[in-house]
Amino acid sequence: QVLTPSLAPLVVPGTVLILLGLFLVQRLGTSRVGQLFGPVIGAWFLMLAVTGGIQIARHPEILAALNPLHAWQFLTERGWKVLAAVGAIVLALTGAEALYADMGHFGRRPIQWAWTGFVLPALALNYLGQGALLMAEPQALENPFFHLFSGAWLVPALLLSTLAAIIASQAVISGAYSMTQQAMQLGFLPRMQVRYTSAREIGQIYMPAVNWGLLV
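One numbering rule holds for all chains: residues counted from 1, following each sequence as written. Residues qualify for local features only when their pLDDT is at least 70, as the model is predicted, and side-chain atom pairs are given and counted only at 80 or more; totals for whole chains, interfaces and linings, by contrast, use all residues. Note: side-chain values were computed over all heavy atoms of the structure, leaving out hydrogens and water.

Draft legend 1. Representation of helix 9 (residues 208-215) in the model. Residue burial is assigned from relative accessible area. The probe radius is 1.4 Å, only protein chains are included, and a residue is buried under 20% of its type maximum, exposed over 50%, and partly exposed in between. Strands here are runs of E lasting at least two residues and helices are runs of H or I lasting at least four, both read from the DSSP assignment and numbered beginning at the N terminus. When helix 9 is considered as a whole, its buried residues turn out to be Pro208, Val210 and Asn211. Seen from one end, helix 9 has its buried residues packed into an arc of 165°, which puts them on one side. Note on contacts: a residue pair is in contact if any heavy atoms of the two residues lie within 4.5 Å. For helix 9, the elements touching its buried residues are helix 1 (11-24), helix 8 (151-185), strand 1 (195-196) and strand 2 (205-206). Of all possible arcs, the one meant is that of the directions from the helix axis to the C-beta atoms.

Okay, structure coming up:
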């Protein structure tokens, strides 16, 4: 729909096909899925960093937003509505919890390095870049992310963002396997089939019942 509203009828069927494909490849194991998704997500975060950095270079005054006094002022001026703002912040933080659920699949150190050295800087640059864009073009508020791209780059950005959304779903799926296995070991859930998909990593598992339940 970002490209043309005439494609709107294809959104739901396309989504269903993507979901089917995503859950069908789960039985291959986390490492094989990761080898497929890793380069794509690397390109995604690199794109976020570059597009955000370009806007920051054009409007460096956005860097004033890093002043913590602005955050304090924002919170104190909200009154009782501050609860909604803090709730949104907590929701953003809970998204990062999928990283911890995936720790059994990849280990602590890779997640630490990937997050602090690559993901967090790329996200910060992109959000600051969107803010810089809105300072210059307030009308871009409708969809500031896709307004970061010129016409020639819109289609690649759309394809890459779609793939990134699929990969983000992968983190939740593999995290669900880990949490379900832990619940079984603690006696909170009945026994289910667990398939180990790696000869080296005990945390890399596939659970058919959880997989198909999530698909439904």
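Next, the rest of the story.
Draft legend 2. Structural context of a nonpolar patch on the surface. Without a salt bridge and with relative accessible area above 30%, a residue can belong to a patch; like charges are then joined within 9 Å and nonpolar side chains (Val, Leu, Ile, Met, Phe, Trp, Tyr) within 5 Å. For every accessible area listed, the method is Shrake-Rupley and the probe measures 1.4 Å; residues are considered covered only by the protein chains on display. Whenever Lys or Arg places a side-chain nitrogen within 4 Å of a carboxyl oxygen from Asp or Glu, that contact is recorded as a salt bridge. Residues Val11, Val12, Val16, Leu17, Leu20, Leu24 and Trp212 make up a contiguous nonpolar surface patch of about 630 Å² in total accessible area. By residue number, the principal contributor to the nonpolar patch is helix 1, which donates six residues. Mapped onto the elements of the fold, Val12 is located in helix 1.

Draft legend 3. Representation of the confidence of the model for the protein. For every residue, the predictor reports its confidence as pLDDT, a number between 0 and 100. For the protein, per-residue confidence averages 85 on the pLDDT scale, and residues scoring 70 or more make up 89% of the total. Across the protein, element-level confidence peaks in helix 9 with a mean pLDDT of 93 and bottoms out in helix 6 (residues 103-106) with 62.

Draft legend 4. Structural view of the layout of surface pockets. Put plainly, a pocket is an open set of points on a 1 Å grid over the protein atoms alone with protein on both sides within 12 Å along at least five of seven lines, a cavity is a set where a 1.4 Å probe fits but cannot get out, and a lining residue has an atom within 4 Å of a point. Grid points are joined across faces, edges and corners, and a volume is the space filled by probe spheres set on the points. As a volume, the second largest pocket reaches approximately 540 Å³. Forming the walls of the second largest pocket are 18 residues, and the residues nearest its centre are Val11, Thr15, Ile18, Leu158 and Thr162. Element by element, the count of residues in the lining of the second largest pocket is highest for helix 8, at seven residues. In terms of residue class, the lining of the second largest pocket is made up of 13 nonpolar, five polar and no charged. Classification used: nonpolar for Ala, Val, Leu, Ile, Met, Phe, Trp, Tyr, Cys and Pro, charged for Asp, Glu, Lys and Arg, polar for all others including Gly.

Draft legend 5. Structural view of the packing of helix 8 against helix 9. The contact between helix 8 and helix 9 brings their axes to 10 Å, and the two run at 130°. When the axis of helix 8 is compared with that of helix 9, the two are oblique. Judged by the twist between their axes, the crossing of helix 8 over helix 9 is right-handed. Only Val210, Asn211 and Leu214 of helix 9 make contact with helix 8, whose side of the interface consists of Ile173, Ala176, Tyr177 and Thr180. Each axis is a line fitted through C-alpha atoms, taken for helices only over the stretch in contact, and angles between the N-to-C directions span 0 to 180 degrees. Oblique is the label for any angle not under 35 degrees, not over 145, and not in the 65 to 115 range, which are roughly parallel, roughly antiparallel and roughly perpendicular in turn. Helix crossings fall into two classes, left-handed where the near helix is turned counterclockwise from the far one by less than a right angle and right-handed where it is turned clockwise.

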